[in-house]
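# Examination of the molecular architecture
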Amino acid sequence: MWWVLAGSLTILSVQKRWASIMLLVALVWGVAEHIVEGRALLFIGLVVIVGIINGEMVTRLRASGQRRWRLYTLSCEALLVVAGVALFVHLVPGFNNPKILDGVKAGPLSAPFSMYFNFDKALLPFILLAACPTLFFCHNKVRQNKAGRSRLRYWILLALSIPMLLLIAVLLGGLRIEPHLPKWLGSFMLANLFFVSLAEEALFRGYLQQRIAGWWGNLPALFITALIFGLAHVAGGPLLVVFAALAGVIYGLAWMWSGRLWVATLFHFGLNLCQLLFFTYPFYQPYS
């Protein structure tokens, strides 16, 4: 089931119809496995109706340009975003996300952590795509007016900023260098790429940063979104807020330069994977 759900997310940006069919298969499978209950299906059904109405309103807006259709589309978009955020923070009842890891430690200096396969969070890209058709491909990207070699240099520097940020966290005491190769690496990669990184990037970069950029420009959008992304990790303490905000700048630049959600997602996933493989994960916990 989880591979079917991951497959639907993989092709969502280029094959919406087949992605929807695969999602439907995953939903039926989830119901059979008691992971998705009736209340969740009702919520999903209501979201689908709002998405269909939003699509109709967008079509009428393009055809007539009347102000009332713009208000209708904004209202539908707001409802879709609220629904997506509710799924993101697990407020929607009826999802029994299975716990895959329970209090495991990647290494002796790493804090114990648990991991879920989040069906609800995985639905976020579908919902935000209905609210924002340019979620995966934004044509208003920043074009660098440098030679191709210079552009490549910027991307290399951006990629190198990932281990540099992790090393800064080591210097600040939040992490330690501690290589791992856990037996649950495959499950981590599946969950983190599709059910964490893609969902978070869809919300923060694909939707929020894109919308703010349309209002106030690319640089304000980059830093505002990074700050909000950092504050979303406030439960982990002030150091994690700073660390997440700086990571948000990296992901935001990847999205801004490429105009592609999957590029930002791969940077996000790359940082998480790099931390797991070479540093304490999810953070450093001294010997008691």
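All residue numbers refer to position in the chain's written sequence, counted from 1. This being a predicted model, a pLDDT of at least 70 is required before a residue's local features are given, and a value of 80 or more before pairs of side-chain atoms are given or counted; all residues contribute to the totals for chains, interfaces and linings. Hydrogens and water molecules were not included; the side-chain quantities draw on all heavy atoms of the structure.

## A short note on the packing of helix α1 (residues 2-11) against helix α2 (residues 16-32)
For any two helices packed against each other, the geometry is given by the interaxial angle and the distance between the axes. For helices, the fitted line uses only the C-alpha atoms of the stretch in contact; every axis is such a line through C-alpha atoms, and the angle between N-to-C directions lies from 0 to 180 degrees. A run of H or I in DSSP becomes a helix once it reaches four residues, and a run of E becomes a strand once it reaches two; helices and strands are each numbered from the N terminus. At a closest axis distance of 8 Å, the pairing of α1 and α2 adopts a crossing angle of 160 degrees. Put simply, α1 runs roughly antiparallel to α2. When you trace α1 past α2, the crossing you get is left-handed. Contacts between α1 and α2 pair Val4, Leu5, Gly7, Ser8 and Ile11 from the former with Lys16, Trp18, Ala19, Met22, Leu23, Val25, Ala26 and Trp29 from the latter. Any angle from 65 to 115 degrees is called roughly perpendicular, while one under 35 is roughly parallel, one over 145 is roughly antiparallel, and all others are oblique. Crossing handedness follows the turn of the near helix against the far one: under a right angle anticlockwise gives a left-handed crossing, and clockwise gives a right-handed one. Working rule for contacts: check all heavy atoms of both residues, and any pair within 4.5 Å makes them a contact.

## Things to note about the layout of surface pockets
The distinction between a cavity and a pocket rests on a 1 Å grid over the protein atoms alone: a 1.4 Å probe fits inside a cavity but cannot get out, while a pocket stays open yet meets protein on both sides within 12 Å along at least five of seven lines, and a residue with an atom within 4 Å of a point counts as lining. Grid points are joined across faces, edges and corners, and a volume is the space filled by probe spheres set on the points. Looking at the largest pocket, its volume works out to about 1200 Å³. In this structure, the largest pocket is lined by 40 residues; those nearest its centre are Glu200, His233, Leu240, Tyr281 and Pro282. Elements with a minimum of two residues in the lining of the largest pocket: β2 (113-116), α8 (185-216), α10 (238-258) and α11 (261-278). The element best represented in the lining of the largest pocket is α10, accounting for seven residues. Polarity classes work like this: nonpolar for Ala, Val, Leu, Ile, Met, Phe, Trp, Tyr, Cys and Pro, charged for Asp, Glu, Lys and Arg, and polar for all others, with Gly in that last group. Looking at the lining of the largest pocket, its residues break down into 26 nonpolar, 12 polar and two charged. Along the walls of the second largest pocket sit 25 residues, with Ser20, Val48, Gly51, Phe126 and Ala130 positioned nearest its centre. Looking at the lining of the second largest pocket, the elements with two or more residues in it are α2, α3 (38-64), α4 (67-88) and α6 (124-131). Ranked by the residues each element gives to the lining of the second largest pocket, the list is headed by α3, at 11 residues. Its residues assigned to classes, the lining of the second largest pocket comprises 18 nonpolar, five polar and two charged.

## Concerning helix α9 (residues 218-231)
Helix length check: α9 (14 residues) gives 20 Å between terminal C-alpha atoms against 20 Å at 1.5 Å per residue, within 8%. Three exposure classes are used, based on accessible area relative to the maximum for each residue type with a 1.4 Å probe and protein chains only: buried under 20%, partly exposed in between, and exposed over 50%. Listed as buried for α9 are Ala221, Leu222, Thr225, Ala226, Phe229 and Gly230. Looking straight down α9, one finds that the buried residues subtend no more than 160 degrees of arc, so they occupy a single side. Where α9 is buried, its residues contact α8, α10 and α11. By this rule the span expected of a helix is its residue count minus one, scaled by 1.5 Å. When we speak of the arc, we mean the arc of directions from the helix axis to the C-beta atoms.

## Brief notes about empty space enclosed by the protein
Across all of its chains, the model carries one cavity of 30 Å³ or more by this definition. Approximately 50 Å³ is the volume attributed to the largest cavity. Looking at the largest cavity, the residues that line it are Leu165, Ile168, Ala169, Leu172, Leu239, Val242, Phe243 and Leu246. Those elements that provide at least two residues to the lining of the largest cavity are α7 (148-171) and α10. Counting residues per element, the lining of the largest cavity draws most heavily on α10, at four residues. Grouping the amino acids of the lining of the largest cavity by side-chain chemistry returns eight nonpolar, no polar and no charged.

## Brief notes about α6
Of all eight residues that make up α6, seven are buried, and the element is covered over most of its length. Turning to α6, its buried residues number three or more, namely Leu124, Pro125, Phe126, Ile127, Leu128, Leu129 and Ala131.

## Things to note about the pattern of salt bridges
Counted as salt bridges are all cases of a side-chain nitrogen of Lys or Arg within 4 Å of a carboxyl oxygen of Asp or Glu. One pass over the full model with this rule turns up five salt bridges. With its nearest N and O atoms 3.4 Å apart, the salt bridge here joins Lys121 to Glu200. Note that Lys121 is positioned in helix α5 (residues 119-122) and Glu200 in helix α8, a separation of 79 residues in sequence. Like Lys121, the residue Glu200 is buried in the burial classification.

## A closer look at the state of the cysteines
When the sulfur atoms of two cysteines share a covalent bond, that bond is a disulfide. By disulfide we mean two sulfur atoms from cysteines, separated by a distance within 2.5 Å. One pass over the structure, following the stated rule, counts zero disulfides. Cys132 provides the cysteine sulfur closest to Cys76, a residue in no disulfide bond, and the two sulfurs are 15 Å apart. Exposure remark for Cys76: the relative accessible area of 10% places this residue in the buried category. Free cysteine Cys132: the closest other cysteine sulfur is in Cys138, separated by 7.7 Å. Residue class for Cys132 comes out buried when judged on its relative accessible area of 0%.

## A short note on the packing of α9 against α10
Their axes nearest at 7 Å, the elements α9 and α10 cross at an angle of 145 degrees. The element α9 and its partner α10 pack so that their crossing is right-handed. Between α9, through Asn218, Leu219, Leu222, Phe223, Ala226, Phe229, Gly230 and Leu231, and α10, the contact on the second element is made entirely by Val241, Ala244, Ala245, Gly248, Val249, Tyr251, Gly252, Leu253 and Met256. Among the residues making up the contact of α9 with α10, the classes are represented as 13 nonpolar, four polar and no charged.

## Focus on the packing of aromatic side chains
Any Phe, Tyr or Trp ring, taking Trp's six-membered ring, that has another such ring centre within 6.5 Å forms a pair; planes under 30 degrees apart are called stacked, those over 60 apart edge-to-face, and the others tilted. This structure, assessed with the given rule, holds 17 aromatic pairs. An angle of 65 degrees between the planes, with centres 6.2 Å apart, marks the rings of Trp215 and Trp216 as edge-to-face. Taken together, the ring pairs connect Trp2, Phe95, Phe117, Phe119 and Phe195 into an aromatic cluster. Residue placement shows Arg205 over the ring face of Phe229; its charged tip is 4.6 Å from the ring centre. Any Lys NZ or Arg CZ found within 6 Å of a ring centre and within 35 degrees of that ring's normal is scored as a charge over the ring.

By themselves, these are just geometric observations and shouldn't be taken as functional.
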